[in-house]
Amino acid sequence: MQPSSDIARLIEIMAALRTPGTGCPWDLEQDFASIAPYTIEEAYEVTDAIARGDRLDLKDELGDLLLQVVFHARMAEEEGAFAFPDVVEAITAKLIRRHPHVFGEARDLSPAQVKALWHQIKAQEKAGKAAARRAAGQSEPVEETGVLAGVTQGLPALTRAWKLQARASTVGFDWNDARLVLDKIREETAEIDEALASGDKAAIMEEIGDLLFVVANLARHVDADPEGCLQAANAKFERRFKGIETLLEAEGKAAADASLDEMEALWQAVKRSEKAGA
């Protein structure tokens, strides 16, 4: 088996990995649920490569993400549900269908008209999918209703909190000032203090969740992405902690050998250095 730029070779390799008796034992024991976390992880690694501006890594990570699509399609083919070509046909059909202003006769539309047309086409797709399910003898999935319906469960928790609160705000369930959200944050930290005093682990976890939920709302009120804010904070922490390690190495010490007071003093030194260089 030789590498190739032809997608067919990737599909062949995946099929070989999933062939009982001669394939890979690990690949053979996987199912949709066990592979799903890897699919999410690979999407994040693509995002990370983009953030770092590393095009070589981006090429590799896009390949890893493509493998996830091929893996899921292969398992579906083994079930007789669909195969990789069906996935490609579905997305190409959707792109053509949803862009009549590019591939059809609906030309010279304004952005507002494109958006309205998009929603109209999506409604038609939904009706078509329901008809296809009925024709195949499949029951319709229970459809969520209400303002919060359709906010994807698989989103990162902070992003989902942001979206849930944004949906609620469309019917007026919202604070009208970011400072009021900040007051709520103070209230939640006081409740965490009470939970810590009680020693009730479940209560502590609940209150921490409430605090994170309100912090996500504060980010929304100032038009900031909470995931992006936390990623930036993570990067800052990594950078400063590595700065501590560098300073300790210059003294011939490892972080494990330093006291908390020493590391705190070095942390402040790294912060001062960053601000001076800003």
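Residues numbered from 1 in each chain as written. Predicted model: local features only at pLDDT ≥ 70, side-chain atom pairs only at ≥ 80, totals over all residues. Heavy atoms only, no water.

Chemist: So what about empty space enclosed by the protein? Which residues, and what values?
Modeler: All told, the structure shown has 1 cavity of 30 Å³ or more when counted by the stated rule. Estimated volume of the largest cavity: approximately 30 Å³. It is helix 4 (residues 55-79) that provides the largest number of residues to the lining of the largest cavity, a total of 4 residues. (1 Å grid on protein atoms, 1.4 Å probe; cavity = no way out; pocket = protein on both sides within 12 Å on 5 of 7 lines; lining within 4 Å. Points joined across faces, edges and corners; volume = space filled by probe spheres on them. Helix = DSSP H or I, 4+ residues; strand = E, 2+ residues; numbered from the N terminus.)

Chemist: Kindly report on the pattern of salt bridges, identifying the contributing residues and their values.
Modeler: For the structure on display, the rule yields 17 salt bridges. A salt bridge links D57 to R52; the shortest N-O distance between them is 3.0 Å. On the basis of relative accessibility, which here comes to 26%, the residue D57 falls in the partly exposed class. Under the relative-accessibility criterion, R52 is labelled partly exposed at 44%. Salt-bridge contacts for E262 lead to K253; the nearest nitrogen and oxygen are separated by 2.6 Å. Residue K253 is classed as partly exposed on the basis of its relative accessible area, which comes to 24%. Among the charged side chains, a network of salt bridges with common partners joins R18, R74, E77 and E78. (Salt bridge = Lys/Arg side-chain N within 4 Å of Asp/Glu carboxyl O. Buried < 20%, exposed > 50% of the residue type's maximum accessible area, 1.4 Å probe, protein only.)

Chemist: So what's going on with the layout of surface pockets? Which residues, and what values?
Modeler: Computed from the structure, the largest pocket encloses a volume of approximately 750 Å³. Lining the largest pocket are 20 residues, and of these K94, E125, K126, K129 and R133 lie nearest its centre. The element best represented in the lining of the largest pocket is helix 7 (residues 111-135), accounting for 8 residues. Broken down by class, the residue content of the lining of the largest pocket amounts to 7 nonpolar, 2 polar and 11 charged. Together, Y44, T47, D48, A51, R52, Q231, N234, A235 and E238 line the second largest pocket. Looking at the lining of the second largest pocket, the elements that each hand over two or more residues are helix 3 (32-52) and helix 11 (226-250). Here the residues of the lining of the second largest pocket are counted per class, giving 3 nonpolar, 3 polar and 3 charged. (Nonpolar A, V, L, I, M, F, W, Y, C, P; charged D, E, K, R; others polar.)

Chemist: Go over the packing of helix 5 (residues 84-98) against helix 7, please, and point to the residues and values.
Modeler: With their axes 10 Å apart at the nearest point, helix 5 and helix 7 run at an angle of 135° to one another. On the basis of their axis angle, the class for helix 5 and helix 7 is oblique. Contacts from K94, R97 and R98 in helix 5 reach W118, I121, K122 and E125 in helix 7. Among the residues making up the contact of helix 5 with helix 7, the classes are represented as 2 nonpolar, no polar and 5 charged. (Axes fitted to C-alpha atoms, helices over the stretch in contact; angles between N-to-C directions. Parallel < 35°, antiparallel > 145°, perpendicular 65-115°, else oblique. Contact = heavy atoms within 4.5 Å.)

Chemist: So what's going on with the packing of aromatic side chains? Which residues, and what values?
Modeler: Using the criterion set out here, one finds 3 aromatic pairs in the structure. Geometrically, the ring pair formed by W26 and Y38 is edge-to-face, given 5.8 Å between the ring centres and 80° between the ring planes. Linking W26 in helix 2 (residues 25-28) with Y38 in helix 3, this pair joins segments that are 12 residues apart in sequence. In this structure W26 comes out as partly exposed when scored by relative accessible area, which is 38%. Given a relative accessible area of 36%, Y38 falls into the partly exposed group. Judged by centre distance (5.9 Å) and plane angle (20°), the rings of F237 and F241 are stacked. Separated by 4 residues within a single helix, F237 and F241 lie in helix 11, roughly one turn from each other. For F241, a relative accessible area of 29% puts it in the partly exposed group. Aromatic rings pair up to connect F237, F241 and W267 into one cluster. The ring of W118 carries R98 above its face, with NZ or CZ at 4.9 Å from the centroid. (Phe/Tyr/Trp six-rings, centres within 6.5 Å; stacked < 30°, edge-to-face > 60°. Lys NZ or Arg CZ within 6 Å of the ring centre and 35° of its normal.)

Chemist: With reference to specific residues and values, describe a nonpolar patch on the surface.
Modeler: A cluster of nonpolar side chains, contributed by V147, L148, V171 and F173, occupies part of the molecular surface with about 400 Å² of accessible area. Overall, the relative accessible area of 38% leaves V147 in the partly exposed class. (Patch = residues over 30% accessible without salt bridge, like charges linked within 9 Å, V, L, I, M, F, W, Y side chains within 5 Å. Areas by Shrake-Rupley, 256 points an atom, 1.4 Å probe, with all protein chains shown as cover.)

Chemist: Give me the lowdown on the environment of L248, citing residues and values where you can.
Modeler: Mapped onto the elements of the fold, L248 is located in helix 11. Residues L248 and E262, 14 residues apart in the sequence, show an inter-C-alpha distance of 9.3 Å.

Chemist: Give a description of the side chain of E61 that names residues and reports values.
Modeler: Mapped onto the fold, E61 is located in helix 4. Salt bridges are absent for the buried E61, whose nearest opposite-charge side chain, R52, sits at 5.7 Å. (Lys, Arg positive; Asp, Glu negative; His and termini not counted.)

Chemist: Explain the packing of helix 11 against helix 12 (residues 260-277) to me, and be specific about the residues and the numbers.
Modeler: Running from N to C, helix 11 and helix 12 cross one another at 115°; their axes reach a closest spacing of 9 Å. Like other packed secondary-structure pairs, helix 11 and helix 12 cross with a definite hand, here right-handed. Here F237, R239, R240, F241, G243, I244, L247 and L248 of helix 11 come into contact with helix 12, specifically with M263, L266, W267, V270, K271 and E274. (Left-handed = near helix turned anticlockwise from the far one by under 90°.)

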